[in-house]
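# Report on the structure
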Amino acid sequence: MSVNKEIKKVTTHTLQMMKESGEKISMLTAYDFSFARIVDGAGIDVILVGDSASNVMAGHETTLPITLDQMIYHAQSVIRGINRCLVVVDMPFGSYQSNSDIALASAIRIMKETGGHSVKMEGGREVADAIKRIVSAGIPVMGHLGLTPQSIYKFGTYTVRAREEAEAQKLREDAKILEEAGCFAIVLEKIPAKLAEEVSASLRIPTIGIGAGGQCDGQVLVMHDMLGINTEFKPRFLRQYLNIHELATQAVAGYIKDVKSGDFPSAAEQY
Ligand code: KIV
């Protein structure tokens, strides 16, 4: 008897079906092979190779410095670690804002050089033409509205967006524009839960929230934040599932102690 071990891969179509059936979408960031293997193996639906790599992997204050080549390197590593989940790769700052030719060329590089399944871009109406061209080249695009960290110098702070009605109305319109431009899903970052609920209900495509309440069609967190690798960042929306910083510090301190005392390596740990 042959056992069918074929893995059912998550696609953009799967996410659409999940929205329609009311099943929530789970998404986490990952930036390297080893963590991608853990996250995919645990059963995540979507891995985002986020430009938050600029913060949590490279130690930059913002997401602006990370380059297209660096994002490609991270995405290549993630792809080698996964079997099942859908992989979304962030288009970094400067790789799509200038014009739709540059945006298309950047998206094509990501798809060709990484084996990723889709790209993500921040912004609304101002990137709609670029999204249309990328989608018509056969590349799925995830949108990103609300707090868009690549625009941090325009916003000035990382506080909740779209509390005022004018900005909320622009976000409602932008969400529709992104859906019409062909996005398969939209990240809603740090906006009031009521607005996110309204936008999610008004769209056919799924929304993935981060700091946008429980009525989005899915949720995303930065892996380093939820695993407590990075302990300085403690926004209200973050649920920390582990304190790797503390556990790893204890492990390293134990190793240092054993090396200094001569306890490591023992007789059984040598040839
Ligand atoms: O880069 C990133 O990690 C993101 C998430 C915060 C959605 O864009």
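Criteria and thresholds
- Residues numbered from 1 in each chain as written.
- Predicted model: local features only at pLDDT ≥ 70, side-chain atom pairs only at ≥ 80, totals over all residues.
- Heavy atoms only, no water.
- Near = heavy atom within 4 Å.
- Polar contact = N/O pair within 3.5 Å; in protein donor to acceptor, adjacent residues only side chain to side chain.
- Areas by Shrake-Rupley, 256 points an atom, 1.4 Å probe, with all protein chains shown as cover.
- Disulfide = S-S within 2.5 Å.
- Buried < 20%, exposed > 50% of the residue type's maximum accessible area, 1.4 Å probe, protein only.
- Domains from an automatic or database assignment.
- Pairing = 2+ DSSP bridges.
- Helix = DSSP H or I, 4+ residues; strand = E, 2+ residues; numbered from the N terminus.
- Axes fitted to C-alpha atoms, helices over the stretch in contact; angles between N-to-C directions.
- Contact = heavy atoms within 4.5 Å.
- Core = buried A, V, L, I, M, F, W, Y, C linked by side-chain atoms within 4.5 Å.

Near the ligand you find Thr-29, Leu-48, Gly-50, Asp-51, Ser-52, Asp-90, Lys-120, His-144, Glu-189, Ile-210 and Val-222, and these make up its full shell. In this structure, Ser-52 approaches the ligand through a side-chain N or O atom, which is 2.5 Å from an oxygen atom. Side-chain polar atom of Asp-90 to an oxygen atom of the ligand: 3.1 Å apart, as the coordinates give it. Protein contacts shield 95% of the accessible area of the ligand, which totals 260 Å² for the unbound molecule.

Below, the discussion takes up the state of the cysteines. One covalent bond between the sulfur atoms of two cysteine residues makes up a disulfide. In total, this model carries 0 disulfides according to the counting rule given. Among the cysteines around Cys-183, which has no disulfide bond, Cys-216 carries the closest sulfur, lying 15 Å off. The buried category is assigned to Cys-216, whose relative accessible area is 1%.

The next subject is the domain arrangement of the protein. Partitioning the protein into domains gives domain 1 (12-240) and domain 2 (243-271). Centre-to-centre, using C-alpha coordinates, domain 1 lies 39 Å away from domain 2.

Whenever strands of a sheet pair, they do so through backbone hydrogen bonds, lying parallel or antiparallel. Pairing is parallel in the closed barrel, where 8 strands are placed in the order β1-β2-β3-β4-β5-β6-β7-β8. For this sheet, the mean angle separating the axes of adjacent strands, direction not counted, is 25°. Against the sheet, helix α8 (residues 165-181) engages β5 (141-146) and β6 (185-189), with an angle of about 175° to β5.

Quick look at the side chain of Ser-106 now. Position of Ser-106 relative to the elements: it lies in helix α5 (residues 100-114). Residue Ser-106 is classed as buried on the basis of its relative accessible area of 5%. A polar contact of 2.5 Å, which involves the side chain of Ser-106, links it to the backbone oxygen of Ser-95.

Once that is clear, we can look at the nonpolar core. Here is a general trend for soluble globular proteins: nonpolar side chains tend to be buried in one another's company. Counting residues in hydrophobic clusters, the biggest one holds 58 residues, and the most contacted among them are Ile-47, Met-121, Ile-134 and Leu-188. When residues of this core are assigned to their parent elements, the largest contribution, 6 residues, is made by helix α4 (residues 68-81). Apart from the residues within four sequence positions on either side, Ile-134 is in contact with Met-91, Ala-103, Leu-104, Ala-107, Val-119, Met-121, Ile-139 and Val-141. Val-10, Met-18, Leu-48 and Ile-208 belong to the second-largest nonpolar core, a separate cluster that totals 16 residues.

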